[in-house]
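For reference, the chains in residue letters:
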Amino acid sequence: MDRKEFEKRFAAARRAVIERDFADLNEMQRRSVMATEGPLLLLAGAGSGKTTVLINRIANLIRYGRASDSDEVPEEAGEAELAALEEEAGKTGEVPEEVRELCGLDPVEPWRIIAITFTNKAADELKTRLEKKLGPGAQDIWAMTFHSACVRILRKSVEVLGISPKFTIYDSADSAAVMKRVLRELNMDEKQFPPKQVLSVISRAKDRLQSPADFEAAAEKAWDPRQKYIAKAYREYSRRLLSADALDFDDLIYYTVLLLRDYPEVRGEWQRRFRYVLVDEYQDTSNLQYLLAAMLAGERENICVVGDDDQSIYRFRGATIENILSFENRFRDARVIKLEQNYRSTGHILGAANSVIRNNSERRGKNLWTAAGEGEKLVLHVAEGDDAEAEFVAETILNAVAGGMRWSDFAVLYRMNVQSNRLEYAFKRLAVPYKVVGGTRFFDRAEIKDITSYLAVVNNPADDLRLLRVINNPPRGIGETTVERLRTAAGAERRPILDVAADAGRYPELKSAAGKLMGFISLIMELRSLAETLTLEEFYDALLEKTGYMEALGDSDEALARKDNIMELKSNIVNYAAGAETPSLAGFLDEIALYTDLDSVDVGGESVILMTVHSAKGLEFPWVFLVGMEENLFPSGRSTNSEEELEEERRLCYVALTRAKKRLILTAARRRLLFGHTTANAVSRFVEEIPDEHIDRPAEPRMGGGFIREPDPDFLEFSYRESRREDRRGQDMGAYRGYGRRGSFSGGAAAPRPAPKRTVSGPAPLPELSAGDRIRHRAFGEGTVVSVTSMPGDALLTVDFGGTQKRLMLKAAGAFITKI
DNA sequence: ATCATAACGCTTTTT
DNA sequence: GCGTTATGAT
């Protein structure tokens, strides 16, 4: 056998052995895993197992390197090795380690692989699954979000750009606060230049790699006065962030791209480091993110992107579907593999989704299919009003749960967050446990921002924004006038405010406040030195004490809830310290800056999940209710002017439909109260796009619907009468945890509502209950608490009264309950 | 400084 | 309709 013949057989046998290692994948999935070299575009439909592919692809790289995609045979391989491989190729099951080594061709070290995702949640899932498959070595893989990858790169290499590697990260609220300030000082009217809009123009500019100067030049050239104003704002905004050593979310990527573009040594360093680049959710990448990925991949072009053009729903934030549509133009010789087999949904659900998305013209074209059965047809329910719609959803869930389903089997999806109100109301009345995802978030709460601002100032004293937030909080006699003078002086000299405050004696206008300022300075200095000696946990406690923050809160009910949140933040710190390799204050601040509440969505919990369609991307549920399927709502009234926007809405609808595994129920309301007006909308065009073979529509749409059952009067009795009652006491139950909207944490901590006028005298304190407690109920007698489930602003009790279980809302029934 | 009232304005929002 | 924010009064 000549060498050529030998190599051919060797490569074939090797490929067969590797294929055996990935035998549990389908044909297309396996091809995606084995095509390791060069640019690869993976068009992965919803539910087609793309994370599985990503995991196995990485496993392949680490085990076999480029062996599955190459005909190269190692010099030292001989007849004996070939015989061993050919024998192994015929077997099935796990490939033994020594055979793997025989097959390997430049196996990749884990730290040479970077897998970029959009959300922390996706990154975490990737990490967990990689570790499960590959063991502890998987920790060295860079599985992280675009933003955290950039933070890591910048912390190491950003100094050449003249930015301190200890930079602080500003979140959107911080950016907005700075921008408001800038606009005010430039005398730009907030009506004419809404801060958020200005920020978004700047964001687009950065996406085009335009610096403030570039932007200004473009505005000059275009003779566009409005753009010229915005250019000024852009310049000033950037100046402030840089002088505070702060980067906003966009900057993290923008500066990383500049760094790699303009500094060949830095670029080379990172390109040598990463041999393989993988990008998840590629349809949602912006131009900058594309540039980043492409630059990291370098000339090797070992770049694999996974995406679904039909699920691109963030165009409005700068994502460009162009990235996926023109991948092959940008990377010559790119291979394209489509994953079209869906493992999630039934035939009817996929049929409906396909028939909707077919109406889009801007797509690469792809048809999902399933080997699972047809399943049940979709159902369209048209309710009379939005209240009836919400009730229908709650009732249907109650019935299904009575039939053995679990609360967590259901998700209710809507287009806009406001739509959750009606649903929440109905769910509370009918005692359906639920969780709302999105809305006001833990890290947006005032007390959390206060404490993290202290942490930020200790970490970076140049952070003027955070400094101003805490300089007189708790009150220490540094009033508005002093702050204003500080700001002016600091602005004029382009120095950090803290420096100016330390020199207060030198400024006549600050003389009178110098003593108080010195007090504040020494507080910060003391904290800075404590931060160097104490552990994070000890430091946190010291900070609360030295600043007097906790003490100043007092002990009102609201303050107690705030204190609870502050302690919750502490457990975040403790958690972080326990998990990080080298815990540091800076590291913790990075973590929380890039963290969102969505990451803590507990889909496994025993509650129905309520969220927007956007938040639902990437998730799946046995039953999905898609509510508000009306024109002007979904598609949104603002999107019906342009075909592009309408197509984005349609993709959004496609995302919603493909979340369902078993059953999909669409609802619409004839009348809906929206923005204070009652509107009457036609059923959504998207519903009309679903053919009758996949959906049951009401023959003659009428009030109500077939299967609404009568509410159980037992638990409604109190709800109806008492549901308006507001008690803020006693809701701090141990079991009652979780992030949600509107201060669900402790019964309205962050959004305290004024107590409504009562005809009844003062409220009776609510008992604190947990599972196992014995109680006496005024109407039902003695019982045992079976479970306590948190619900936003309330809690659901399941109580066993001598054999019969009843479900009661704590707020409504609490007044009738005593603990025994 | 803290509260109350008026005024506005309003898709979606991975970081 | 509701929730956030700006402004003014005590």
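Residues numbered from 1 in each chain as written. Chains lettered and ligands numbered in written order. Predicted model: local features only at pLDDT ≥ 70, side-chain atom pairs only at ≥ 80, totals over all residues. Heavy atoms only, no water.

1. Some words on the overall build of chain A
For step 1, the next point in the chain: Each helix and strand in chain A was counted, giving 33 helices and 21 strands.
For step 2, the next point in the chain: Reported as C-alpha extents along the three principal axes, the dimensions of chain A are approximately 100 × 80 × 60 Å.
For step 3, the next point in the chain: For chain A, the proportion of its 820 residues judged to be buried stands at 54%.
For step 4, the next point in the chain: Pairs at least 24 apart in sequence give 76% of the contacts found in chain A among residues at least 6 apart.
For step 5, the next point in the chain: Of the roughly 35,600 Å² of accessible surface on chain A, 49% is carried by carbon and sulfur atoms.
For step 6, the next point in the chain: The average position of the 115 basic charges and that of the 128 acidic charges among the side chains of chain A differ by 4 Å. (Helix = DSSP H or I, 4+ residues; strand = E, 2+ residues; numbered from the N terminus. Buried < 20%, exposed > 50% of the residue type's maximum accessible area, 1.4 Å probe, protein only. Contact = heavy atoms within 4.5 Å. Areas by Shrake-Rupley, 256 points an atom, 1.4 Å probe, with all protein chains shown as cover. Lys, Arg positive; Asp, Glu negative; His and termini not counted. Charge placed at Lys NZ, Arg CZ, Asp CG, Glu CD.)

2. Focus on the pattern of salt bridges
For step 1, the next point in the chain: Evaluated as defined, the whole model comprises 68 salt bridges.
For step 2, the next point in the chain: In this structure, glutamate 526 and lysine 546 form a salt bridge, with 3.3 Å as the shortest nitrogen-oxygen distance. Taken together, the positions of glutamate 526 in helix H24 (residues 514-533) and lysine 546 in helix H25 (residues 536-547) put the pair 20 residues apart, joining distant regions of the chain.
For step 3, the next point in the chain: A relative accessible area of 37% places lysine 546 in the partly exposed class.
For step 4, the next point in the chain: One connected set of salt bridges, linked through shared partners, spans Arg181, Glu185, Glu236, Arg239, Arg240, Glu484 and Arg487. (Salt bridge = Lys/Arg side-chain N within 4 Å of Asp/Glu carboxyl O.)

3. What about the layout of surface pockets?
For step 1, the next point in the chain: Here the second largest pocket is characterised by a volume of approximately 1,500 Å³.
For step 2, the next point in the chain: For the lining of the second largest pocket, the elements supplying multiple residues, two or more each, are helix H6 (120-134), strand S3 (142-145), helix H7 (146-157), helix H27 (557-579) and helix H28 (585-593).
For step 3, the next point in the chain: Residues that form the lining of the second largest pocket fall into these classes: 15 nonpolar, 10 polar and 11 charged. (1 Å grid on protein atoms, 1.4 Å probe; cavity = no way out; pocket = protein on both sides within 12 Å on 5 of 7 lines; lining within 4 Å. Points joined across faces, edges and corners; volume = space filled by probe spheres on them. Nonpolar A, V, L, I, M, F, W, Y, C, P; charged D, E, K, R; others polar.)

4. Remarks on the protein's contact with DNA strand C
For step 1, the next point in the chain: Neighbouring residues of DNA strand C: Lys180, Leu673, Phe675 and Gly676.
For step 2, the next point in the chain: Lysine 180 is positioned such that a nitrogen or oxygen atom in its side chain is 3.3 Å from a phosphate oxygen of DNA strand C.
For step 3, the next point in the chain: Within the backbone of phenylalanine 675, an N or O atom sits 3.5 Å from a base oxygen of DNA strand C.
For step 4, the next point in the chain: A breakdown of the residues in the surface near DNA strand C according to their chemical character gives two nonpolar, one polar and one charged. (Near = heavy atom within 4 Å. Polar contact = N/O pair within 3.5 Å; in protein donor to acceptor, adjacent residues only side chain to side chain.)

5. Looking at the sheet that holds strand S7 (residues 303-307)
For step 1, the next point in the chain: Spatially, six strands are ordered S3-S2-S6-S7-S1-S8 in an open sheet, and the strand pairing comes out parallel. One side of each edge strand has no neighbouring strand; the edge strands of this open sheet are S3 and strand S8 (335-339). On average, adjacent strands in this sheet sit at an angle of 15 degrees to one another, irrespective of strand direction.
For step 2, the next point in the chain: Across five bridges, the pairing between strand S1 (residues 40-44) and S8 is parallel. The residue bridging alanine 44 from the neighbouring strand is leucine 339, located in S8. (Pairing = 2+ DSSP bridges. Axes fitted to C-alpha atoms, helices over the stretch in contact; angles between N-to-C directions.)

6. Things to note about the confidence of the model for chain A
For step 1, the next point in the chain: For chain A, per-residue confidence averages 85 on the pLDDT scale, and residues scoring 70 or more make up 90% of the total.
For step 2, the next point in the chain: Here helix H32 (residues 713-722) stands out as the element of chain A with the lowest mean pLDDT, 29, in contrast to strand S6 (residues 276-279), whose mean of 97 is the highest. (pLDDT = per-residue confidence, 0-100.)

7. As for the sheet that holds strand S17 (residues 774-777)
For step 1, the next point in the chain: The strand order across the open sheet built from five strands is S20-S19-S18-S17-S21, with neighbouring strands paired in antiparallel fashion. Strands at the two margins of the open sheet, each flanked by one partner only, are strand S20 (804-809) and strand S21 (817-819). Across the sheet, the axes of successive neighbouring strands diverge by a mean angle of 40 degrees, strand direction being ignored.
For step 2, the next point in the chain: Strand direction decides the pairing type here: strand S18 (residues 781-791) and strand S19 (residues 794-801), joined by seven bridges, are antiparallel. Each residue of the ladder has a partner; that of serine 787, found in S19, is threonine 798.

8. Focus on the pairing of S6
For step 1, the next point in the chain: Neither face of S6 is open: one carries Tyr276 and Leu278, the other Val277 and Val279, and all of them are buried.
For step 2, the next point in the chain: Note that strand S2 (residues 113-117) and S6 share four bridges and pair parallel. Across the sheet, the residue bridging to isoleucine 114 is valine 277, located in S6.
For step 3, the next point in the chain: With three bridges connecting them, S6 and S7 associate as parallel partners. By the bridge assignment for S7, valine 277 is matched with isoleucine 303.
For step 4, the next point in the chain: Each parallel crossover has a hand, and the one from S6 via helix H14 (residues 287-297) to S7 is right-handed. (Right-handed = clockwise from strand over helix to strand, strands pointing away.)

9. Examining the pairing of S20
For step 1, the next point in the chain: Judged from the six bridges that link them, S19 and S20 form a sheet pairing that is antiparallel. When the sheet's bridge partners are listed, leucine 796 is paired in S20 with methionine 809.
For step 2, the next point in the chain: The turn joining S19 and S20, which pair antiparallel and follow one another in sequence, is formed by two residues; a positive phi near 50 degrees is taken by glycine 802.

10. Remarks on the packing of aromatic side chains
Aromatic rings in a pair are described by how distant their centres are and how their planes are angled relative to each other.
For step 1, the next point in the chain: Per the stated rule, a full pass over the model turns up 19 aromatic pairs.
For step 2, the next point in the chain: Grouping aromatic residues by their ring pairs yields a cluster made of Tyr282, Tyr290, Phe327 and Phe331.
For step 3, the next point in the chain: The ring of tryptophan 142 carries arginine 152 above its face, with NZ or CZ at 4.3 Å from the centroid.
For step 4, the next point in the chain: The ring of tryptophan 623 carries the charged tip of arginine 663 above its face, separated from the ring centre by 5.2 Å. (Phe/Tyr/Trp six-rings, centres within 6.5 Å; stacked < 30°, edge-to-face > 60°. Lys NZ or Arg CZ within 6 Å of the ring centre and 35° of its normal.)

11. Thoughts on the packing of helix H20 (residues 446-459) against H24
For step 1, the next point in the chain: Their axes nearest at 9 Å, the elements H20 and H24 cross at an angle of 80 degrees. When the interaxial angle is binned, H20 and H24 end up roughly perpendicular. Between H20 and H24, the residues in contact are Val457, Val458 and Asn459 and Ile524, Leu527, Arg528 and Ala531, respectively.
For step 2, the next point in the chain: Here the residues of the contact of H20 with H24 are counted per class, giving five nonpolar, one polar and one charged. (Parallel < 35°, antiparallel > 145°, perpendicular 65-115°, else oblique.)

12. Brief notes about helix H2 (residues 27-34)
Residues lying three or four places apart along an α-helix face the same way, a consequence of the helix completing one turn every 3.6 residues.
For step 1, the next point in the chain: The complete set of buried residues in H2 reads Gln29, Arg30, Ser32, Val33 and Met34.
For step 2, the next point in the chain: Along its buried surface, H2 packs onto helix H1 (3-21), S1, helix H3 (50-64) and S8.
For step 3, the next point in the chain: The residue sitting at the N-terminus of H2 and contributing the capping side-chain oxygen is asparagine 26; that oxygen lies 3.0 Å from the backbone nitrogen of methionine 28.

13. A few points about helix H8 (residues 172-185)
For step 1, the next point in the chain: A rise of 1.5 Å per residue sets the reference length of H8, with its 14 residues, at 20 Å; its end C-alpha atoms lie 20 Å apart and thus fit the reference within 8%.
For step 2, the next point in the chain: For H8, every residue scored as buried is listed here: Asp174, Ser175, Ala176, Val178, Met179, Val182 and Leu183.
For step 3, the next point in the chain: Residues of H8 that are buried sit in contact with strand S4 (168-170), helix H9 (195-207), helix H11 (225-243), strand S5 (246-248), H20 and helix H21 (464-470).
For step 4, the next point in the chain: Near the N-terminus of H8, the side chain that reaches the backbone nitrogen of alanine 173, with its oxygen 3.0 Å away, is that of aspartate 171.
For step 5, the next point in the chain: The positive-phi residue at the C-terminal boundary of H8 is asparagine 187, with phi of around 55 degrees. (Expected span 1.5 Å × (residues − 1).)

14. Regarding the environment of arginine 671
For step 1, the next point in the chain: Mapped onto the fold, arginine 671 is located in strand S14 (residues 660-674).
For step 2, the next point in the chain: The sequence separation of arginine 671 and glycine 385 amounts to 286 residues, and the corresponding C-alpha distance is 4.7 Å.
For step 3, the next point in the chain: Those residues within four positions of arginine 671 in sequence are excluded, and the remaining contacts are Glu384, Gly385, Asp386, Thr678 and Thr679.

15. Re unusual backbone geometry
For step 1, the next point in the chain: With an omega of 0 degrees, the peptide bond between asparagine 473 and proline 474 qualifies as cis.
For step 2, the next point in the chain: As for its position among the elements, proline 474 is in the loop between H21 and helix H22 (480-493).
For step 3, the next point in the chain: A cis amide bond, omega 10 degrees, links phenylalanine 634 with the succeeding residue proline 635.
For step 4, the next point in the chain: Tracing the chain through its elements places proline 635 in the loop between strand S13 (621-626) and helix H30 (643-657).
For step 5, the next point in the chain: Positive phi, normally seen in glycine, also occurs at aspartate 333, with a value near 65 degrees.
For step 6, the next point in the chain: For aspartate 333, the position within the fold is in the loop between helix H16 (327-330) and S8.
For step 7, the next point in the chain: Non-glycine residue alanine 431 carries a positive phi angle of around 55 degrees.
For step 8, the next point in the chain: For alanine 431, the position within the fold is in the loop between helix H19 (420-429) and strand S11 (434-436).
For step 9, the next point in the chain: Among the residues examined, alanine 431 registers a relative accessible area of 1% and is labelled buried.

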